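Residue-level listing of the chains:
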Protein chains: 2
Amino acid sequence: MAVELNRLSATRAAQLLARRELGAEQLLRACFARIEQRDETVRAWAALDKDQALAQARALDQSATRGVLHGLPFGVKDMFATCDLPTRYGSPIYENHRPPMDAAAVALCREAGAIVAGKTVTTEFATFQPGPTRNPHNPAYTPGGSSSGSAAAVADGMVPFALGTQTAGSIVRPAAYCGVVGYKPSFGRVARAGLKSLADSLDTIGGLARSVDDVALFASVLMRDPGLRELDYDARPRIGMYRTLQWRHTQPETREAYARAASTLSRAGAHVAELELPPELCALVQVHADIMSVEAAQSLAFERTRHAAQLSGSLQALLDAGAQISADEHRANLARAAQGRAQAEPWFEQYDILLAPSASGEAPFIDQGTGDPQFCRVWTLFGAPCVHLPFDTGPQGLPVGLQAVGRPGDDRRTLAIARWILNVLRPDGDA
Amino acid sequence: MAVELNRLSATRAAQLLARRELGAEQLLRACFARIEQRDETVRAWAALDKDQALAQARALDQSATRGVLHGLPFGVKDMFATCDLPTRYGSPIYENHRPPMDAAAVALCREAGAIVAGKTVTTEFATFQPGPTRNPHNPAYTPGGSSSGSAAAVADGMVPFALGTQTAGSIVRPAAYCGVVGYKPSFGRVARAGLKSLADSLDTIGGLARSVDDVALFASVLMRDPGLRELDYDARPRIGMYRTLQWRHTQPETREAYARAASTLSRAGAHVAELELPPELCALVQVHADIMSVEAAQSLAFERTRHAAQLSGSLQALLDAGAQISADEHRANLARAAQGRAQAEPWFEQYDILLAPSASGEAPFIDQGTGDPQFCRVWTLFGAPCVHLPFDTGPQGLPVGLQAVGRPGDDRRTLAIARWILNVLRPDGDA
């Protein structure tokens, strides 16, 4: 086989498994071998139980029932409850927590035949205090966060797919830093039962993989939408290049990738145009941050009141910031967000998709935290589907890309066009 | 004292506690005495730990810190996680579940000084399979559901307040059947961390008490809004009487209460007018039911796949119904709901509040289930704040009332006008 088993895409592995040219145990063993070889450096995993997972793989190899994800191993961000693995939310408060159930997203993937390889490292309660994970391309750099372990594990070929969550930029940013595809669906499309809540109006479940097809394959189960497994797109998309109001914070590698994408896509037949920046929306980055801190201070009320000494300084600061914002200010912020969302609606009549920066540039050094979600906050606030597309590298040899942003609710078309774009920008890779 | 301690309103008890004319332990003992006397009949409680609660009350009596809810006992619907009491969600699947945390709503009330008296009975996962609770006015009748124990405990004078949740009609309906005030806030206003999720786009946390002031007092903590403790209203409200498209299912007692309310409020100075019924919205009751069953089938994926034998037939039927609805139909339903919400917006320019049936009539017999949420589904779908107001009795001597429905997001004014209305309709009771 041309590709090592642990580097197989989920889509390709599913075909081989369906034809019984590959066994679930065989595939999982290849993934575990990679983990054993590399995780001392990458540290993507918060919990593993190889024997248990291998037993499940053997049972699947024997089983007559074959779901859409039959035999595919996946990682689960440690913000999701799992009934058979520790669930620590990246916090010492939950060192010994073993919930008696799976989160809905985990149960749905398992129902379709997928195998939980283990729990991946999250930052503390999916906020900013880093876990131990390193960037697999170079351990001197951060993998990003909060879905740190999910992005690193997928990038390093340890699993073909991992669940992530995004409240600010927690899927798109680590996907960008690790050079994988990161998909944050439209708000409200994946059931959050059993997910540790951070900010109720923002938390969104999604996933990370090495191709658009692979995130879409798992999403088709999570969103119960077989249409996500048929992403053919043969029109000439109208692409709105959107620098965002944080453009001055972009590094040269992002500006270069942005310019290169515009010209390459135009040459490939897309209608590419620069979207005018709406300065009236420039306050929305702060509006998002304020909504998130208010809701986090409510959601984490138990941890804040009973276990304050075990919260990091950075989380404590976030919660304190939330406590300073009055109920009236919060309501005004929610209204501003709704207004901004309405102002952005016409963009999607003019364009089929937007292309925008995912992060300022390559991953920062590991000692500088997990990076800044400023390029993602507004899209999360709008509930828009976002797909990070990796197609370039920066001066340190680290991954660089852009995110495709679609109309809220229009996930199928967003993924199809994102796939088309990635095919153009990275013609030698998996779509 | 004119009122027995266990019948004190939360607002009045808070005043006496603040003046140290009442102790937290003394109040809690009176509540527990009532529970001991009556719960063999009412069966409102799923879990109690009196010693633990009394120890907390004694600690509060000694404490210098005095929060807004200092020393007030409350009941917690058994859909919320509690760190020191069993959490069973009304299902045998979770017979031995003891989560290591409090739900955010519980933690926020405790932070403000309130004491968890115990867990109140919920129907199975807040759906339709009844628990053991009886209507405290007459045990031959249902207390309604799914917040069965919360409504019954408050109505019976066991606690002044209890947390509830509403996904269809699970606060307003039991409030109506038990004759207490039930408040379902606007969607998204109370953090749901630690609440067992049923339908992500509908689940709403609220509460039940014997007065509007009391639900508002607890809500001021849950929504971090001190304005909810100042509900004076001295204008003449414009009240839209709204029969709802299910009017033909109302029983005579509801029609009489409706007519009496209109004339009494008009005489008291309100501008009362009948709202025209929009027949184009008549499908929304089914749209709500379909959205709820689809989301429930996702949220309960773990229970459905791993513990199917322990689900009731009625829940199994609900989940099966959800599985029959395609992703495309579901998306179309969500769009219809948003459209309906937009069509209802102008109503709140014409009226300060709507008054509508809460249920078809008095509580049904206990062997007929927990009643029908048809009069609540659309308001929950719209995310509108609803306050059930008890002010009448029916032919069986059981409580009857109406619900006040406000503009989504406008909870403060909704509660203030609801309080004004209840004062007019029940001049001898607590507001």
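It should be emphasised that the depicted structure is a prediction, and the values quoted were computed from it without experimental measurement.

## What about the overall build of chain A?
Phase 1 of the analysis: The helix and strand inventory of chain A stands at 15 helices and 11 strands.
Phase 2 of the analysis: For a compact globule of 431 residues, the expected C-alpha radius of gyration is about 22 Å, and chain A comes in at 20 Å, within 12% of that figure.
Phase 3 of the analysis: Here the C-alpha coordinates of chain A stretch approximately 60 × 60 × 40 Å along the principal axes.
Phase 4 of the analysis: A total of 431 residues make up chain A; the buried ones form 63% of that total.
Phase 5 of the analysis: A separation threshold of at least 6 residues defines the contact pool for chain A, and within that pool the share at least 24 residues apart is 77%.

## Quick notes on the sheet that holds strand E7 (residues 238-241) of chain A
Residues and elements named next belong to chain A.
Phase 1 of the analysis: Taken in spatial order, the 11 strands of this open sheet run E1-E3-E2-E4-E6-E5-E10-E11-E9-E7-E8, and their pairing is mixed. The sheet is open, and its two borders are formed by strand E1 (45-48) and strand E8 (271-274), each paired with just one other strand. Across the sheet, the mean angle from the axis of one strand to that of its neighbour is 30°, orientation sign disregarded.
Phase 2 of the analysis: Here strand E2 (residues 73-77) pairs with strand E3 (residues 115-120) via five bridges, running parallel. Each bridged residue has a counterpart across the sheet, and for Phe74 the counterpart in E3 is Val116.

## Structural notes on the interface of chain B and chain A
Phase 1 of the analysis: The interface is formed by 28 residues belonging to chain B together with 28 residues belonging to chain A.
Phase 2 of the analysis: Looking at the side of chain B that touches chain A element by element, the count peaks at four residues for helix H4 (residues 104-111) of chain B.
Phase 3 of the analysis: Its residues assigned to classes, the side of chain B that touches chain A shows 12 nonpolar, eight polar and eight charged.

## Observations concerning helix H1 (residues 10-18) of chain A
Residues and elements named next belong to chain A.
Phase 1 of the analysis: Here H1 has its buried residues at Ala10, Thr11, Ala13, Ala14 and Leu17. The buried residues of H1 all sit within an arc of 165° when viewed along its axis, so they share a single face.
Phase 2 of the analysis: Packing partners of the buried residues in H1 comprise helix H2 (24-42), strand E4 (161-166), strand E6 (204-209) and helix H7 (212-222).

## What about unusual backbone geometry?
Phase 1 of the analysis: The peptide bond linking Gly145 of chain A to Ser146 of chain A adopts the cis configuration, its omega dihedral lying at 5°.
Phase 2 of the analysis: One non-glycine residue, Arg20 of chain B, lies in the positive phi region at around 60°.
Phase 3 of the analysis: Overall, Arg20 of chain B belongs to the exposed group, with 9 C-beta atoms counted inside 10 Å.

## Observations concerning the packing of helix H9 (residues 284-299) of chain B against helix H12 (residues 327-344) of chain B
Two quantities define a packed helix pair, namely the angle between the helix axes and the distance between the axes.
Residues and elements named next belong to chain B.
Phase 1 of the analysis: Close contact between H9 and H12 brings their axes to 10 Å; oriented N to C, the two are set at 135°. In terms of orientation, H9 and H12 fall into the oblique class. Regarding H9 and H12, the two cross each other, and that crossing is left-handed. Along its contact with H9, which presents Leu284, Val287, Asp290, Ile291 and Val294, the element H12 presents His330, Asn333, Leu334, Arg336, Ala337 and Gly340.
Phase 2 of the analysis: Grouping the constituent residues of the contact of H9 with H12 by class yields six nonpolar, three polar and two charged.

## Considering the nonpolar core
Phase 1 of the analysis: Ranked by size, the top nonpolar core spans 294 residues in total, and within it Phe74 and Ala105 of chain A together with Phe74 and Ala105 of chain B carry the most contacts.
Phase 2 of the analysis: Not counting chain neighbours up to four residues away, the residues in contact with Phe74 of chain B comprise Cys109, Ala114, Val116, Ala117, Val159, Phe161, Ala162, Leu163 and Phe218 of chain B.

## A look at the relation of the copies chain B and chain A
Phase 1 of the analysis: When chain B is brought onto chain A, the operation consists of a screw motion whose angular component is 180° and whose axial shift is 0.0 Å, with 0.0 Å RMSD remaining. Such a combination of rotation and displacement between the chain copies is what one expects of a two-fold axis. Considering only C-alpha atoms, the residue of chain B closest to the rotation axis is Pro99 of chain B, which sits at 3.7 Å.
Phase 2 of the analysis: The fraction of interface residues of chain B whose copies in chain A are also interface residues reaches 100%, indicating that both copies meet through the same surface.

## A few points about the confidence of the model for chain A
Phase 1 of the analysis: When pLDDT is averaged across chain A, the result is 97; 100% of the residues are at 70 or more.
Phase 2 of the analysis: Interface scoring of the predicted complex returns ipTM 0.96; its pTM is 0.97.

## A few points about the pairing of strand E5 (residues 181-184) of chain B
Residues and elements named next belong to chain B.
Phase 1 of the analysis: The two faces of E5 match: Val181 and Tyr183 on one face and Gly182 and Lys184 on the other face are all buried.
Phase 2 of the analysis: With three bridges connecting them, E5 and strand E6 (residues 204-209) associate as antiparallel partners. Bridging across to E6, Gly182 finds its partner in Leu208.
Phase 3 of the analysis: Pairing geometry for E5 and strand E10 (residues 386-393), over three bridges, is antiparallel. Bridge pairing in E10 links Gly182 to His388.

## A short note on the pairing of strand E9 (residues 353-357) of chain A
Residues and elements named next belong to chain A.
Phase 1 of the analysis: The element E9 is extensively covered by neighbouring structure, given that five of its five residues are classed as buried.
Phase 2 of the analysis: In terms of strand pairing, E9 meets strand E11 (residues 399-405) through four bridges, oriented antiparallel. In the sheet register, Leu355 faces E11, and the bridge partner there is Ala404.

## What to know about the environment of Gln343 of chain A
Residue and element names in this part refer to chain A.
Phase 1 of the analysis: In this fold, Gln343 is placed in helix H12 (residues 327-344).
Phase 2 of the analysis: In this structure Gln343 comes out as partly exposed when scored by C-beta crowding, with 14 C-beta atoms within 10 Å.
Phase 3 of the analysis: Counting along the chain gives 184 residues from Gln343 to Val159, while the straight-line C-alpha distance between them is 40 Å.
Phase 4 of the analysis: Excluding residues that lie within four positions of it along the chain, Gln343 makes contacts with Pro278 and Leu281.

## Observations concerning H4 of chain B
Residues and elements named next belong to chain B.
Phase 1 of the analysis: For H4, a buried count of seven out of eight residues is recorded, marking the element as mostly surrounded by other parts of the structure.
Phase 2 of the analysis: Taken residue by residue, H4 has Ala104, Ala105, Val106, Ala107, Leu108, Cys109 and Arg110 as its buried positions.
Phase 3 of the analysis: Two residues or fewer past H4, Gly113 is found with a positive phi of approximately 100°.

## Concerning the environment of Gly394 of chain B
Residues and elements named next belong to chain B.
Phase 1 of the analysis: One can find Gly394 in the loop between E10 and strand E11 (399-405).
Phase 2 of the analysis: By C-beta crowding, Gly394 is classed as partly exposed, having 17 other C-beta atoms within 10 Å.
Phase 3 of the analysis: Sequence separation between Gly394 and Glu253 is 141 residues; the distance between their C-alpha atoms is 5.3 Å.
Phase 4 of the analysis: Residues within four places of Gly394 in sequence aside, it is in contact with Glu253, Gly361, Glu362 and Val400.

## Brief notes about the sheet that holds strand E1 (residues 45-48) of chain B
Residues and elements named next belong to chain B.
Phase 1 of the analysis: Strand order in the open sheet formed by 11 strands is E1-E3-E2-E4-E6-E5-E10-E11-E9-E7-E8, and the pairing between neighbours is mixed. Among the strands making up the open sheet, the edge pair consists of E1 and strand E8 (271-274). Strand-to-strand twist across the sheet, computed as the mean angle between neighbouring axes with direction ignored, equals 30°.
Phase 2 of the analysis: With three bridges joining them, strand E7 (residues 238-241) and strand E9 (residues 353-357) adopt parallel strand pairing. Paired with Met241 across the strands is Leu355, a residue of E9.
Phase 3 of the analysis: Packing against the sheet, helix H5 (residues 148-155) makes contact with E1, strand E2 (73-77), strand E3 (115-120), strand E4 (161-166), E5 and E6, and its axis sits at approximately 150° to E4.
Phase 4 of the analysis: Sitting on the sheet, helix H7 (residues 212-222) touches E2, E4, E5, E6 and E10, and the angle it makes with E6 is about 145°.

Reading guide: rules and limits
Residues numbered from 1 in each chain as written. Chains lettered and ligands numbered in written order. Predicted model: local features only at pLDDT ≥ 70, side-chain atom pairs only at ≥ 80, totals over all residues. Helix = DSSP H or I, 4+ residues; strand = E, 2+ residues; numbered from the N terminus. Rg over C-alpha atoms; globule rule 2.2 N^0.38 Å. Buried ≥ 20, exposed ≤ 12 C-beta atoms within 10 Å, placed from the backbone. Contact = placed C-beta atoms within 7 Å. Pairing = 2+ DSSP bridges. Axes fitted to C-alpha atoms, helices over the stretch in contact; angles between N-to-C directions. Nonpolar A, V, L, I, M, F, W, Y, C, P; charged D, E, K, R; others polar. Arc of directions from axis to C-beta. Parallel < 35°, antiparallel > 145°, perpendicular 65-115°, else oblique. Left-handed = near helix turned anticlockwise from the far one by under 90°. Core = buried A, V, L, I, M, F, W, Y, C linked by C-beta atoms within 7 Å. Least-squares fit on C-alpha atoms with pLDDT ≥ 70 in both. pLDDT = per-residue confidence, 0-100.

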